[in-house]
Amino acid sequence: MNTCIFCQIVEKRVPAKLIMENDYVVAFSDINPKAPVHALIVPKKHVRSVNDLSENDATDIVQMMLAAKEVAQKLQVVKGYKLAFNVERAGGQVIDHVHMHLLAWPDDRNIGDQPEEKEVAMI
Ligand code: AMP
Ligand code: ZN
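Predicted model, so just to flag it, every value in this text is computed and none were measured. (Residues numbered from 1 in each chain as written. Chains lettered and ligands numbered in written order. Predicted model: local features only at pLDDT ≥ 70, side-chain atom pairs only at ≥ 80, totals over all residues.)

Asks: Hey, could you run me through the overall build of the protein chain in this one?
Replies: Along the backbone of the protein chain there are two helices and five strands. Element order for the protein chain, N to C, with α for helix and β for strand: α-β-β-β-α-β-β. By the burial criterion, 23% of the 123 residues in the protein chain qualify as buried. The long-range share in the protein chain, meaning contacts at least 24 apart out of those at least 6 apart in sequence, stands at 56%. (Helix = DSSP H or I, 4+ residues; strand = E, 2+ residues; numbered from the N terminus. Buried ≥ 20, exposed ≤ 12 C-beta atoms within 10 Å, placed from the backbone. Contact = placed C-beta atoms within 7 Å.)

Asks: In this structure, what is going on with the UniProt feature "active site" (unreviewed entry) in the protein chain? I would like to understand it.
Replies: As recorded in UniProt, the feature "active site" (unreviewed entry) lies at His 99. Take His 99: it is sitting in the loop between strand S4 (82-84) and strand S5 (100-104). C-beta crowding within 10 Å serves as the criterion here: with 24 such atoms nearby, His 99 is assigned to the buried category. With sequence-adjacent residues up to four places away left out, His 99 is seen in contact with Phe 6, Leu 40, Ile 41 and Val 42. (UniProt positions renumbered as here; feature names shortened; annotations may be inferred.)

Asks: Any chance you could explain the site of ligand 1 here in plain terms?
Replies: Residues in close proximity to ligand 1 total 13 residues, the closest being Ile 31, Asn 32, Asn 86, Val 94 and Ile 95. The residue makeup of the shell around ligand 1, split by class, is eight nonpolar, four polar and one charged. (Near = placed C-beta within 6 Å. Nonpolar A, V, L, I, M, F, W, Y, C, P; charged D, E, K, R; others polar.)

Asks: Explain the nonpolar core to me, please; I cannot follow it from the model alone.
Replies: Nonpolar side chains in soluble globular proteins generally cluster together in the buried interior. The biggest cluster of nonpolar side chains holds 23 residues, and the ones touching the most others in it are Ala 27, Ala 39, Ile 41, Leu 102 and Ala 104. Sorting the residues of this core by element identifies helix H1 (5-10), strand S2 (25-29), strand S3 (37-43), helix H2 (58-74) and S5 as the ones contributing at least two each. Tallying contributions element by element places S3 first for this core, with five residues. Once you skip the residues sitting within four places of it in the chain, Ala 39 turns out to touch Ile 19, Ala 27, Phe 28, Ser 29, Asp 30, Val 71, Leu 75 and Leu 102. (Core = buried A, V, L, I, M, F, W, Y, C linked by C-beta atoms within 7 Å.)

Asks: Would you mind going over the pairing of strand S1 (residues 18-21) with me for this structure?
Replies: Sheet faces and side chains relate simply in a regular strand, where the side chains alternate between the two faces. Pairing analysis gives three bridges linking S1 to S2, with the strands arranged antiparallel. Its bridge partner lying in S2, Glu 21 is registered against Val 26. Hairpin connection, S1 to S2: the antiparallel pair is bridged by three residues. (Pairing = 2+ DSSP bridges.)

Asks: Which parts of the structure should I look at to understand the environment of Val 42?
Replies: One can find Val 42 in strand S3. The spatial distance from the C-alpha of Val 42 to the C-alpha of His 99 is 4.7 Å, given a sequence separation of 57 residues. If we ignore the near neighbours within four places in the chain, the residues touching Val 42 are Phe 6, Val 10, Val 25, Val 26, His 97 and His 99.

In structure tokens form, the structure reads like this:
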């Protein structure tokens, strides 16, 4: 039994608010959003960390980027958004399944307009 929470979401054994899915990736809303728009883009293949990625994962990596573009279009934030990976505990990674954060501050505001948003790197 796979105990990885993101594998369980991929396998639909744990519910999530899905945004898009294809053969390589799923995208869903972050359960504890750190921005007005906060999605996670997750390869279906389990890879623990960016540190474990290799040439064999090239297609999955490209698919994550293309999924980010699609998610931004779907969530209507193409004007501006942030893509981020936390890598290992010292880099803020809590879930050991590679994932890309997509964060956006829509409504005609820009990152940093609000004082509390100066620290947007802390996701
Ligand atoms: P990280 O710190 O980069 O490992 O980010 C993990 C992210 O996953 C955090 O932003 C969490 O809020 C989010 N998260 C954890 N469990 C779930 C879940 N079941 N569904 C959606 N997002 C989750
Ligand atoms: Zn996994």
